[in-house]
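# Coordinate analysis (summary)
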Amino acid sequence: MSYPTPQFEAKVCPPEALAERLAALPRPVVFTNGCFDILHRGHVTYLAQARALGASLVVGLNTDASVKRQGKGDDRPINNEANRAAVLAALESVSLVTWFDSDTPAALIAEVQPEVLVKGGDWSVDKIVGSAETLARGGEVHSIPFLFSTSTTATLNKIRTSEGKA
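Residues numbered from 1 in each chain as written. Predicted model: local features only at pLDDT ≥ 70, side-chain atom pairs only at ≥ 80, totals over all residues. Heavy atoms only, no water.

## Let's talk about the sheet that holds strand S5 (residues 140–144)
Let me state the cut-off plainly: In short, DSSP must find at least two bridges between two strands for them to pair. Under the scheme used here, helices are H or I runs from DSSP no shorter than 4 residues and strands are E runs no shorter than 2 residues, and both carry numbers assigned from the N terminus. Geometry is summarised by axes, namely lines fitted to C-alpha atoms with helices restricted to the contacting stretch, and by angles between N-to-C directions that run from 0 to 180 degrees. Contact between two residues is taken to exist if any of their heavy atoms lie within 4.5 Å; hydrogens are not considered.
Strand order in the open sheet formed by five strands is S3-S2-S1-S4-S5, with parallel pairing between adjacent strands. Every other strand in the sheet has two partners, leaving strand S3 (96–100) and S5 as the edge strands with one partner each. Across the sheet, the axes of successive neighbouring strands diverge by a mean angle of 25°, strand direction being ignored. In the packing of helix H2 (residues 41–51) onto the sheet, contacts are made with strand S1 (29–34), strand S2 (56–62), strand S4 (116–120) and S5, and the angle to S2 comes to roughly 135°. Across the sheet, helix H4 (residues 81–89) is in contact with S2 and S3; its angle to S2 comes to roughly 165°.

## Regarding the UniProt feature "domain: Cytidyltransferase-like" (unreviewed entry) in the chain
Definition in use: UniProt positions are given in the numbering used here, feature names are shortened, and annotations may be inferred rather than shown by experiment.
Taking the UniProt record as the reference, the feature "domain: Cytidyltransferase-like" (unreviewed entry) is found at residues 31–127. Measuring from the first to the last C-alpha atom of residues 31–127 gives 15 Å, for a span that is 34% helix and 22% strand.

## A few points about the nonpolar core
In plain terms, the rule: Residues grouped as a nonpolar core are buried Ala, Val, Leu, Ile, Met, Phe, Trp, Tyr and Cys residues, joined through side-chain atoms within 4.5 Å. Type-normalised accessible area, obtained with a 1.4 Å probe on protein chains alone, sets the label of each residue: buried when under 20%, exposed when over 50%, and partly exposed for intermediate values.
Leu47 and Leu88 are the most contacted members of the largest nonpolar core, which totals 17 residues. Secondary-structure elements contributing two or more residues to this core are H2, S2, H4 and S4. Beyond its immediate stretch of four places on either side in the chain, Leu88 contacts Phe36, Leu39, Leu47, Val59, Leu61, Val94 and Val97. Within the second largest apolar cluster, 15 residues are counted, among which are Val29, Val58, Ile109 and Ile128.

## So, H2
Every buried residue belonging to H2 is among Gly42, His43, Thr45, Tyr46, Leu47 and Ala50, and all of these are buried. On its buried side, H2 packs onto S1, S2, H4, S4, S5 and helix H7 (152–162).

## Brief notes about H4
The cut-off we apply is this: Any pair of nitrogen or oxygen atoms within 3.5 Å is treated as a polar contact; in protein, a donor-acceptor pairing is required on top of that, and neighbouring residues in sequence qualify only through side-chain atoms on both sides.
Restricting attention to buried positions, one finds in H4 the residues Arg84, Ala85, Ala86, Leu88 and Ala89. Its buried side turned inward, H4 meets H2, S2, helix H3 (64–69) and S3. N-cap assignment for H4: the residue whose side-chain oxygen lies 3.1 Å from the backbone N of Ala82 is Asn80.

## Regarding the environment of Glu92
Along the chain, Glu92 falls in the loop between H4 and S3. With relative accessibility at 81%, the residue Glu92 sits in the exposed group. Remark: the alpha-carbon pair of Glu92 and Asp37, spanning 55 residues in sequence, is separated by 18 Å.

Quick look at the structure:
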């Protein structure tokens, strides 16, 4: 028996198809970006809160190469960009997932032109890439405080520390 491709896979959008896909999204559009390497409670809570600020949520995903350039570790990302995109797309709060290979999402934000730009609580509004441009267009910029003390780095450290203790 064959099974159909899950519908959420359709929410993964290559950058070259972004303009057409953006035009079909309900407004206001919320945009956020990140690595989202090993998805955890902090991520899904943050994404749900971001989505609540608008009618659609577009996530800009760092490519594998751009994650490596961030210096998070030689073995990062743990999950490749195709897998990370699919997991994000499976979330109800996410409307569209695309990716960028540059060190910042500035060009992607300029293309998306979100009404709402969001990052996590470790970013002050004035340090969020694209904040000045979003505010100048009359949009909003939010730094959403963390509700849970979780991180991919902490999870990986816990795994690495426990290796060999079995």
